[in-house]
Amino acid sequence: MREDIHYYKAKKRVEHIKGFFGHAISFVIINLALYIINIITYPNDFWFDYWFYWQLLIWGVGLAIHGIVVFYSLPVFGKAWEERKIQQFMQEEEEQNNKLE
């Protein structure tokens, strides 16, 4: 039973890491395409007239937050919180099952 829980947690962690890298790859590819479109459509404008940089900044902040959540445990959602929530949900399910019997 305990090994199943560890396996499930490890599998979820791998899924989160894969999700982050998928996000990062799409960030690079799409922003590269947008940069090329921006350069083609506004070839003689100054650097501050490019709309591309705003999009890059906003999405970059989102990607950074995603990376922090995946690779660093935030104090609010750390291991202790996770264990408390697991215990809480298990207890609620057990109480629900007892009511049905």
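Please refer to the structure higher up on the page.
Values in this document were obtained by computation on a predicted structure and should not be read as measured data.

Remarks on the pattern of salt bridges
All told, the structure shown has one salt bridge when counted by the stated rule. Across the pair K12 and E15 runs a salt bridge whose closest N-O atoms are separated by 3.9 Å. Highlighted residues: K12 and E15, both in helix α1 (residues 2–41), separated by three residues, approximately one helical turn. The class of K12 is partly exposed, set by a relative accessible area of 32%.

Brief notes about the environment of A24
Here A24 shows up in helix α1. Along the chain, A24 and H66 lie 42 residues apart, while their C-alpha atoms are 9.5 Å from each other.

Things to note about the packing of aromatic side chains
Counting across every chain of the model gives six aromatic pairs. When the ring of F20 is compared with that of F71, the centres are 5.3 Å apart and the planes differ by 90 degrees; the resulting orientation is edge-to-face. Taken together, the positions of F20 in helix α1 and F71 in helix α2 (residues 52–71) put the pair 51 residues apart, joining distant regions of the chain. For the pair F21 and F71, a centre-to-centre distance of 6.1 Å together with 65 degrees between the ring planes defines the contact as edge-to-face. Placement of F21 in helix α1 and of F71 in helix α2 is noted, with a sequence separation of 50 residues between them. Since its relative accessible area comes to 36%, F71 is described here as partly exposed. An aromatic cluster is defined as three or more aromatic residues linked by ring pairs; in this entry it consists of F20, F21 and F71.

Notes on the side chain of N38
Here N38 lies in helix α1. Exposure remark for N38: the relative accessible area of 1% places this residue in the buried category. Polar side-chain contacts of N38 include one of 3.3 Å to the backbone nitrogen of W51. The contacts of N38, once residues within four sequence positions are left out, are Y50, W51 and F52.

About the criteria used
Residues numbered from 1 in each chain as written. Predicted model: local features only at pLDDT ≥ 70, side-chain atom pairs only at ≥ 80, totals over all residues. Heavy atoms only, no water. Salt bridge = Lys/Arg side-chain N within 4 Å of Asp/Glu carboxyl O. Helix = DSSP H or I, 4+ residues; strand = E, 2+ residues; numbered from the N terminus. Buried < 20%, exposed > 50% of the residue type's maximum accessible area, 1.4 Å probe, protein only. Phe/Tyr/Trp six-rings, centres within 6.5 Å; stacked < 30°, edge-to-face > 60°. Polar contact = N/O pair within 3.5 Å; in protein donor to acceptor, adjacent residues only side chain to side chain. Contact = heavy atoms within 4.5 Å.

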